[in-house]
Every structure is written in C-alpha cells, then in structure tokens.
Amino acid sequence: MKDKIKKIFEKIKPQKENLIPFVLSLIVTIIILLDSNIFNHIILNVVLILELAMLVVILFIVAIMAGFAVIKSLVKIAAGLSLLIFLSQSYCAIPLDMRTPTGDDALKSLLAIGLLYASFYFFQSLYKILIKYVNKVDKDKLSWDVIITIILFVFFILLFIWDIYQVVGPIVTNLCIYK
C-alpha cells in the first residue's frame, strides 16, 4: 500500500504550494464522508449555522460602513440643517399677530432653498464616499460577490436616508407655515 501511494505521488509530483490545498481538501473530504456515514449530518448542520452567522456578521459590517458614510455626509450639512430648523421654529414661536403673509412666504422660500442646498450637498458628499469605496475594488477582479456587496451597501445607505427623512420630515411638515 505504501509503495502504491509513493508511486501515485511520484506521478503527480506535488509542489510545495499545492500541498496545503491538497491536504485541506483531503481533510474536508474525510470530514464529509465521516459526517454522512457516522455522525448523521451533525457536522453539516453545524457548518450551516456557522455560515449563517458569518453571513450575518458580513451584513452587519456592510450596514455599519453604510451608516458611517451617511453619518459622515450628514455631519457636513448638520450646521445648515440645524440653522434652517431653528429659524423656522423660532419664527413659528412668535405670536400670530406679529407674523405676516410675506414673512410666511419668505420663510417658505428660505426653507425650500436651504433644504435643496442641504440635500444637494448631502448627496454630493455621499456620492463621493460611495465612489471612493467602489474605486477600491479592482476592476479586473469584479465578481458577483463584490457586486452583491456594493448593492447591499447602497441598499443600507438608502435605508439610512429613509430613517433621516422619517426624523426630519415631520419637523418640517409641522411648521406653522404649512398649517
């Protein structure tokens, strides 16, 4: 038996760089055979649970990266957005007899221009961050898993933008000039 194995290895002429993948493949094959014949697929179930846990960790990391990108862009516009909301709420806090229709219209146009500017600057900053992440990917090695990761990254960015809208939307729509 030993002679037979030696002859096989002499025919194959294993190289050092191919030895480790070969041994790992052999070990995995033995584990699969033992699992199906002796352990009643317990190892398979454990491997599936570990793969699911790894998938959750990867999704969590992609979501955290998307969250950081959105927050980084939001921080860039935070002062302008806060100023707009403060001015609007301060105007709405003054008594009704002191407000004028021209003041209401001025606040509406100021709020519209300010929100347009803040939104443009936010999405411009977010676009630059997204392009920075995409440019880190080697174009020659673009595979399906990289494309899925980028799609998930964009999905989480859109989810965080929706969350921001859910917070800022009611603040703006409940201002006195829109009632």
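First things first, this report covers the structure right here in the doc.

Cut-offs used in this document
Each chain has its residues counted from 1, running along the sequence as written. At least 70 in pLDDT is required for a residue's local features to be given in this predicted model, at least 80 for side-chain atom pairs to be given and counted, and no such filter applies to totals for whole chains, interfaces and linings, which use all residues. Only hydrogens and water are set aside when side-chain values are computed; all heavy atoms of the structure are taken into account. Two cysteine sulfurs form what is called a disulfide whenever their separation falls within 2.5 Å. For helices the rule is a DSSP run of H or I covering at least 4 residues; for strands it is a run of E covering at least 2, with both sets numbered from the N terminus onward. Think of it this way: a Phe, Tyr or Trp ring, Trp meaning its six-membered ring, pairs with another when their centres are within 6.5 Å, and the plane angle makes it stacked under 30 degrees, edge-to-face over 60, tilted otherwise. Charge-over-ring placement is defined geometrically: NZ (Lys) or CZ (Arg) within 6 Å of the ring centre, and within 35 degrees of the ring normal. All axes are obtained by fitting lines to C-alpha atoms, using only the stretch in contact for helices, and the reported angles, taken between N-to-C directions, cover 0 to 180 degrees. By definition in this entry, angles of less than 35 degrees are roughly parallel, angles greater than 145 are roughly antiparallel, angles of 65 to 115 are roughly perpendicular, and the rest are oblique. Take the far helix as your reference; a near helix turned counterclockwise from it by less than a right angle gives a left-handed crossing, and one turned clockwise gives a right-handed crossing. For this analysis, residues touch if any pair of their heavy atoms sits within 4.5 Å. The classification used treats Ala, Val, Leu, Ile, Met, Phe, Trp, Tyr, Cys and Pro as nonpolar, Asp, Glu, Lys and Arg as charged, and all other residues, Gly among them, as polar. Burial classes: relative accessible area under 20% of the type maximum marks a residue as buried, over 50% as exposed, and values in between as partly exposed (1.4 Å probe, protein chains only). Helices are assigned an expected span. That span is 1.5 Å times one less than the residue count. The reported bend at a residue is simply the angle between two axes, fitted to the 7 residues ending at it and to the 7 residues beginning with it. Polar contacts here mean pairs of N or O atoms no more than 3.5 Å apart (in protein, one a potential hydrogen donor and the other a potential acceptor; neighbouring residues in sequence count only if both atoms are side-chain atoms).

### Re the state of the cysteines
Then, in step 1: Taken as a whole, this structure holds one disulfide when the rule is applied.
Then, in step 2: A sulfur-sulfur distance of 2.1 Å marks the disulfide that ties Cys92 to Cys176. Measuring the twist about the S-S bond at about -80°, one finds the Cys92-Cys176 disulfide to be left-handed. In this pair, Cys92 sits in helix H3 (residues 42-93) while Cys176 sits in the segment after helix H5 (144-173), placing the two residues 84 residues apart along the sequence.

### A look at the packing of aromatic side chains
Then, in step 1: Within this structure, the stated rule accounts for five aromatic pairs.
Then, in step 2: Summarising the aromatic geometry, the rings of Trp162 and Tyr165 are spaced 5.5 Å apart at their centres and angled 35° between planes, so their arrangement reads as tilted. In this pair, Trp162 and Tyr165 both sit in helix H5, three residues apart, roughly one turn of the helix.
Then, in step 3: The ring of Tyr133 has Lys132 sitting right over it, with the charged end atom 5.9 Å from the ring centre.

### Structural notes on the packing of helix H4 (residues 101-135) against H5
How two helices sit against one another is set out by the angle between their axes and by the gap between those axes.
Then, in step 1: H5 packs onto H4 with a crossing angle of 160° between their chain directions and a minimal axis gap of 12 Å. As judged from the angle between their axes, H4 and H5 are roughly antiparallel. The handedness of the crossing between H4 and H5 is right-handed. Mapping the contact onto sequence places Leu111, Leu115, Phe122, Phe123, Leu126, Leu130, Tyr133 and Val134 in H4 and Ile150, Phe153, Val154, Ile157, Ile161, Ile164 and Val172 in H5.
Then, in step 2: A breakdown of the residues in the contact of H4 with H5 according to their chemical character gives 15 nonpolar, no polar and no charged.

### Quick look at the side chain of Ser73
Then, in step 1: Mapped onto the fold, Ser73 is located in helix H3.
Then, in step 2: With relative accessibility at 0%, the residue Ser73 sits in the buried group.
Then, in step 3: Once you skip the residues sitting within four places of it in the chain, Ser73 turns out to touch Phe122, Ser125, Leu126 and Ile129.

### Topic: H5
Then, in step 1: With 30 residues, H5 should cover 44 Å at 1.5 Å per step; its first-to-last C-alpha distance of 42 Å lies within 8% of that length.
Then, in step 2: Maximal helix bending in H5 amounts to about 25°, located at Val167; proline Pro170 follows within four positions.
Then, in step 3: For H5, the full list of buried residues reads Phe153, Phe156, Ile157, Ile161, Val168, Gly169 and Val172.
Then, in step 4: The elements touched by buried residues of H5 are H3 and H4.

### Quick look at the side chain of Arg99
Then, in step 1: Within the fold, Arg99 resides in the loop between H3 and H4.
Then, in step 2: Within the structure, Arg99 has its side chain in polar contact with the backbone oxygen of Cys92 (distance 3.4 Å).
Then, in step 3: In this view, Arg99 contacts Tyr91, Cys92, Ile94, Asp104 and Cys176; residues no more than four positions away in its chain are not counted.

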